[in-house]
Amino acid sequence: MSIVAHLYSFFIGVDTHARNHVYSIVTNTGILVETRSFPTTSAGIKRALTWAGRRTSGDLDTLWVVEGAASYGAVLTGHIAAAGYPVVEAGRMDAKARHGVGKSDELDSRRIAASVLPLDADQLRWPRHGEGVRQALRVLLAARDAMTTERTRMINSLTALVRTIDLGIDARKSLTSDQVDEIAKWRTRNEDVDLSTAREEAIRLAKRVLVLNDDLQTNHDRLTELVEASPAAPLLDEPGIGPFSAAVCFTAWSHPGRVRNEAAFAALAGVNPIPASSGNTRRHRLNRGGDRQLNRALHTVVMNRMVHDERTRNYVARHYGEEPTKKSKREIKRNLKRYLARRVYKILNALDTVPQPA
């Protein structure tokens, strides 16, 4: 396998921020050429590309290494790719390397550029594609996450309110959808100011929950429409995989070549086995790293299959027990998530990669 330093003449590391990005150009031997800062505006990014082209003599054999390619560096990454340069995501930086050296944006950008020099080519982290249906799905998933969080907060606030003030609702258990509907239909009454104020707030919270329910249903319908029209549609044929899980898997995988193999995809999802053996005990534990949204999606699919899929239920029945050769429920879930990650990766890598309409 080729070393990255042997494949490119120059490397440009970018430390991204909200207002300004800091750029450092280094050669493939690690020598610093120049460091500059440019605004994050479109004009600033164009000036940065012009500066980089001038300092590298217009050599497209230049690898850009961008920190936060999916957040602060997303717009910059798109401009770099459009200009014809290869661009990768910056890897994790070792904090110990800063001891005795210090930290600044200029130093960070140089470290980012130099961090890829000793890597094997298949270790580079290529960013997700950010156009068309993939970008639309990412927007919908982010919106869904925000709406779900707000809905949970509203329900918790409403539950706490009706449990602390007697408004005529039995809140000994979690509020049902029928109870929320009932509260939203309440009208103001002639009662003490504390009760009337509490009732008004309960009505407001219940109405907000109903609005969020409608918004989440609209979001789900749009997700379903986009996934069915995308190359990831074959995932929906798999047991337990719905539009939300398929969208999460598709956006994390992004495109052929981003994840080098199925083991790397399992590591990305945080479902690769982590050795946890000691003495006479040989076992693996759950991985708490990786893309947690992707991990949650795989977990949801596995939990669904353990209830509704016959093959999965048979697997659990064969391996669960107290004997030395048997496994705990946690170990079984880990194995199932690992198998699922392998299956999802194979399906995604077999997709027709012809660009889809936006």
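What you are looking at is a predicted structure, and each value in this text was computed from that prediction instead of being measured.

Caption draft 1: How the structure looks around the pairing of strand E1 (residues 10–15). When you tally the buried positions in E1, you get six out of six residues, the bulk of the element. Along E1, one buried face is formed by Phe10, Ile12 and Val14 and the opposite face, lined by Phe11, Gly13 and Asp15, is buried too. Strand direction decides the pairing type here: E1 and strand E2 (residues 20–27), joined by six bridges, are antiparallel. Paired with valine 14 across the two strands is tyrosine 23, which belongs to E2.

Caption draft 2: Structural view of the sheet that holds strand E4 (residues 62–66). Pairing is mixed in the open sheet, where five strands are placed in the order E3-E2-E1-E4-E5. In this open sheet, the two strands that pair with only one neighbour each are strand E3 (32–39) and strand E5 (87–89). Averaged over all adjacent pairs, the angle separating strand axes in this sheet is 20 degrees, with direction ignored. Pairing of E1 with E4 involves five bridges; the strand directions are parallel. Looking at the pairing, isoleucine 12 lines up with tryptophan 64 of E4.

Caption draft 3: Structural context of helix H1 (residues 42–55). With 14 residues, H1 extends 20 Å between its outermost C-alpha atoms, agreeing within 8% with the 20 Å of an ideal straight helix rising 1.5 Å per residue. The complete set of buried residues in H1 reads Gly44, Ile45, Ala48, Leu49, Trp51, Ala52 and Gly53. For H1, the secondary structure elements touched by its buried residues are E1, E2, E3, E4 and helix H2 (74–82). Downstream of H1 by a residue or two, serine 57 has a phi angle that is positive, lying close to 60 degrees.

Caption draft 4: Expanded view of the pattern of salt bridges. For the structure shown, the criterion picks out 12 salt bridges. Between aspartate 108 and arginine 111 there is a salt bridge, with its nearest N and O atoms 3.0 Å apart. Note that aspartate 108 and arginine 111 are positioned in helix H3 (residues 105–114) at a spacing of three residues, about one turn of the helix. For aspartate 170, the salt bridge goes to arginine 172, with nearest N and O atoms at 2.9 Å. Taken together, the salt bridges that share partners define one network made up of Glu34, Arg36 and Arg55.

Caption draft 5: Quick look at the layout of surface pockets. Roughly 370 Å³ of volume is contained in the second largest pocket. Around the second largest pocket, the lining is made up of 13 residues, and of these Arg305, Asp309, Arg311, Thr312 and Tyr339 lie nearest the centre. Within the residue set of the lining of the second largest pocket, elements represented by two or more residues are helix H9 (292–308), helix H10 (310–319) and helix H11 (329–349). The dominant element in the lining of the second largest pocket, judged by the number of residues it contributes, is H11, at five residues. Residue classes in the lining of the second largest pocket are distributed as six nonpolar, one polar and six charged.

Caption draft 6: Examining the nonpolar core more closely. Among the nonpolar cores identified, the biggest contains 39 residues, and Leu137, Leu235, Phe265, Leu294, Leu298 and Val344 are the most heavily contacted of them. The biggest single contributor to this core is H11, with eight residues. Residue-level mapping places this core at the junction of two domains, with at least three residues from each of domain 2 (132–230) and domain 3 (234–350). Those residues within four positions of leucine 235 in sequence are excluded, and the remaining contacts are Ile241, Ala246, Cys249, Val344, Ile347 and Leu348.

Caption draft 7: Representation of the packing of aromatic side chains in the model. Per the stated rule, a full pass over the model turns up nine aromatic pairs. Look at tyrosine 23 and tryptophan 51: their rings are 6.3 Å apart centre to centre, the planes differ by 65 degrees, and that puts the pair in the edge-to-face class. Here tyrosine 23, found in strand E2, pairs with tryptophan 51, found in helix H1; they are 28 residues apart in sequence, far enough to count as distant. For tryptophan 51, a relative accessible area of 2% translates into the label buried. With centroids separated by 6.1 Å and ring planes inclined at 85 degrees, the aromatic side chains of tyrosine 315 and tyrosine 339 adopt a geometry described as edge-to-face. One end of the pair, tyrosine 315, is in helix H10; the other, tyrosine 339, is in helix H11, and 24 residues separate them in sequence.

Cut-offs and rules
Residues numbered from 1 in each chain as written. Predicted model: local features only at pLDDT ≥ 70, side-chain atom pairs only at ≥ 80, totals over all residues. Heavy atoms only, no water. Buried < 20%, exposed > 50% of the residue type's maximum accessible area, 1.4 Å probe, protein only. Helix = DSSP H or I, 4+ residues; strand = E, 2+ residues; numbered from the N terminus. Pairing = 2+ DSSP bridges. Axes fitted to C-alpha atoms, helices over the stretch in contact; angles between N-to-C directions. Expected span 1.5 Å × (residues − 1). Contact = heavy atoms within 4.5 Å. Salt bridge = Lys/Arg side-chain N within 4 Å of Asp/Glu carboxyl O. 1 Å grid on protein atoms, 1.4 Å probe; cavity = no way out; pocket = protein on both sides within 12 Å on 5 of 7 lines; lining within 4 Å. Points joined across faces, edges and corners; volume = space filled by probe spheres on them. Nonpolar A, V, L, I, M, F, W, Y, C, P; charged D, E, K, R; others polar. Core = buried A, V, L, I, M, F, W, Y, C linked by side-chain atoms within 4.5 Å. Domains from an automatic or database assignment. Phe/Tyr/Trp six-rings, centres within 6.5 Å; stacked < 30°, edge-to-face > 60°.

Geometric descriptors of this kind do not, in isolation, establish any biological role.
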